[in-house]
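Given next are the chains, with one letter for each unit.
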Amino acid sequence: MQLATIIKAQDTLGPMSAKRSNAPTLLDCERVSKIYHGRQGPVIALEEIDLTVPRGEFLSVVGPSGCGKTTLLNLVAGLERVTGGRLSVSGEVLNAPLTDVGIVFQDATLMDWRTVLDNVMLQVEVRRLPVEPYRARALDLLSNLGLEGFLDAYPSQLSGGMKQRVSIARALVHKPSLLLMDEPFSALDALTRDKLNVDMQALCLAEETTTLFITHSITDAAFLGDRVVVMTPRPGRIAEIIDIDLPRPRPLALRETPQFGEYTGRIRTIFESAGVL
Ligand SMILES: Nc1ncnc2c1ncn2[C@@H]1O[C@H](COP(=O)(O)OP(=O)(O)OP(=O)(O)O)[C@@H](O)[C@H]1O
Ligand SMILES: [Mg+2]
């Protein structure tokens, strides 16, 4: 299905918050803390994080550099262990890397010697999933991401934005319950970033994946998020969780409206009072 069709199909939907109000919990953090023990002594990266994320939610996390955003993502992915509190996914306390997950990093991290389609299919091969149905899904995702004409291209032939689109398709091809994104658009120019914001929204609405989207950008956080978690400077705590009660699909022009400005203004005020801005 093309993005335009997906957006049209979503035209009648209200805010995702209305849809998710009865959804079961996917991710639960109870007083989660993380202390690293380095050469310079202990570093408190995260302190007493309380967070409940229902299935299907798009949750943005915004905060200054060093406040523990990547640490939070690594804990949720099971790549790091909590040092305090309890973190569970689908009701199970995590004690190994999560497998039902897709991750998008700041850099696309594609295999230079594999084509676009083969980079996406790598996820399927590593997981030993049946090739045919997942190949069809990979083609569908790449088409929805505007890459249908580049299936046989190599990463060196793609722009930064296109590479990031491939990594998004790779992260979603196996239908993970949870999509983790760590500043996926930060290396992109403003126009490419805007387009990806719109396409990402359409994709997430169509896929109904639960998404944890980490960003430095107040605008991206509010545009994409059902809620925005605003973090304090280190040690990272949650300053506030803001419900973004704006209907979807959200057009880019929404960012120019007073309602949107109220949300971004509120986040900015939190950062100002924490001495970040
Ligand atoms: N493996 C580690 N060992 C020791 N300290 C670490 C380790 N990983 C992160 N830290 C520290 O924990 C804090 C949080 O780091 P983290 O990378 O989570 O921040 P961040 O919010 O993602 O920052 P940025 O926005 O710059 O990516 C930082 O002070 C960092 O130096
Ligand atoms: Mg980080």
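Please refer to the structure higher up on the page.
Residues numbered from 1 in each chain as written. Chains lettered and ligands numbered in written order. Predicted model: local features only at pLDDT ≥ 70, side-chain atom pairs only at ≥ 80, totals over all residues. Heavy atoms only, no water.

A.B. asks: Explain the packing of helix α4 (residues 116–126) against helix α6 (residues 160–172) to me, please; I cannot follow it from the model alone.
C.D. replies: Between two packed helices, the angle of one axis relative to the other and the distance separating the axes together describe the packing. Across the interface, α4 lies against α6 with an axial gap of 7 Å and an inter-helix angle of 30°. Here α6 runs roughly parallel to α4, going by the angle between their axes. For the crossing formed where α4 meets α6, the hand is right-handed. Together, V116, N119, V120 and Q123 of α4 and V166, A169, R170 and A171 of α6 make up the contact between the two elements. (Axes fitted to C-alpha atoms, helices over the stretch in contact; angles between N-to-C directions. Helix = DSSP H or I, 4+ residues; strand = E, 2+ residues; numbered from the N terminus. Parallel < 35°, antiparallel > 145°, perpendicular 65-115°, else oblique. Left-handed = near helix turned anticlockwise from the far one by under 90°. Contact = heavy atoms within 4.5 Å.)

A.B. asks: Can you walk me through unusual backbone geometry in this structure?
C.D. replies: A negative phi holds for most residues other than glycine; trans holds for most peptide bonds. The peptide bond linking R234 to P235 adopts the cis configuration, its omega dihedral lying at 0°. If you trace the backbone, P235 turns up in the loop between β9 (227–231) and β10 (238–243). In this structure, the amide linkage connecting R248 to the following residue, P249, adopts the cis form with an omega of 0°. Among the secondary structure elements, P249 is positioned in the loop between β10 and α9 (258–273). Of note in the backbone geometry, E48 takes a positive phi value of approximately 50° without being a glycine. Mapping E48 onto the fold places it in strand β2 (residues 41–54). Given the relative accessible area of 33%, E48 is considered partly exposed. (Buried < 20%, exposed > 50% of the residue type's maximum accessible area, 1.4 Å probe, protein only.)

A.B. asks: Just to check I follow, could you spell out the packing of aromatic side chains for this structure?
C.D. replies: Two aromatic rings, taken as a pair, are described by how far apart their centres are and by the angle between their planes. Inspection of every chain in the model, using the stated rule, returns two aromatic pairs. Ring geometry for F58 and F213: centres 5.6 Å apart, planes at 55°, overall tilted. With F58 in strand β3 (residues 58–62) and F213 in strand β8 (residues 210–215), this pair connects stretches of sequence that are 155 residues apart. Judged by centre distance (5.7 Å) and plane angle (50°), the rings of F185 and F213 are tilted. Taken together, the residues F185 in the loop between β7 (178–182) and α7 (190–207) and F213 in strand β8 connect sequence positions 28 residues apart. An identical accessibility class is assigned to F185 and F213; each is buried. (Phe/Tyr/Trp six-rings, centres within 6.5 Å; stacked < 30°, edge-to-face > 60°.)

A.B. asks: For this particular structure, what's the right way to read the pairing of strand β4 (residues 84–89)?
C.D. replies: One face of the sheet, then the other: side chains in a regular strand alternate in exactly this way. Here five bridges tie strand β1 (residues 25–38) to β4, and the two strands are oriented antiparallel to one another. Among the inter-strand pairings, C29 is bridged to a residue of β4, identified as L87. The loop that links β4 with its antiparallel partner strand β5 (residues 92–93) comprises two residues; one of these, S90, has a positive phi angle of about 50°. (Pairing = 2+ DSSP bridges.)

A.B. asks: Help me understand α7, please; the structure alone is not making it clear to me.
C.D. replies: Since the α-helix turns once every 3.6 residues, residues separated by three or four places project in the same direction. In this model α7 runs 25 Å from its N-terminal to its C-terminal C-alpha over 18 residues, within 8% of the 26 Å that 1.5 Å per residue would give. Within the sequence span of α7, burial applies to R193, D194, L196, N197, V198, D199, M200, Q201, A202, L203, C204 and L205. N-capping of α7 is provided by D189, with a side-chain oxygen placed 3.1 Å from the backbone N of L191. E208 sits one or two positions beyond α7 and adopts a positive phi of about 60°. (Expected span 1.5 Å × (residues − 1). Polar contact = N/O pair within 3.5 Å; in protein donor to acceptor, adjacent residues only side chain to side chain.)

A.B. asks: Explanation requested: α9 in the structure shown.
C.D. replies: The end-to-end C-alpha distance of α9, which contains 16 residues, comes to 22 Å, matching closely the 22 Å that a straight helix rising 1.5 Å per residue would cover. Considered for burial, the residues of α9 that qualify are F260, Y263, T264, I267, I270 and F271. In an axial view of α9, the angular spread of the buried residues amounts to 110°, which keeps them on one side of the axis. Turned more than 90 degrees away from the buried face of α9, the exposed residues are P258, E262 and S273. Elements in contact with the buried residues of α9: β3, α8 (218–224), β9 and β10. Downstream of α9 by a residue or two, G275 has a phi angle that is positive, lying close to 80°. (Arc of directions from axis to C-beta.)

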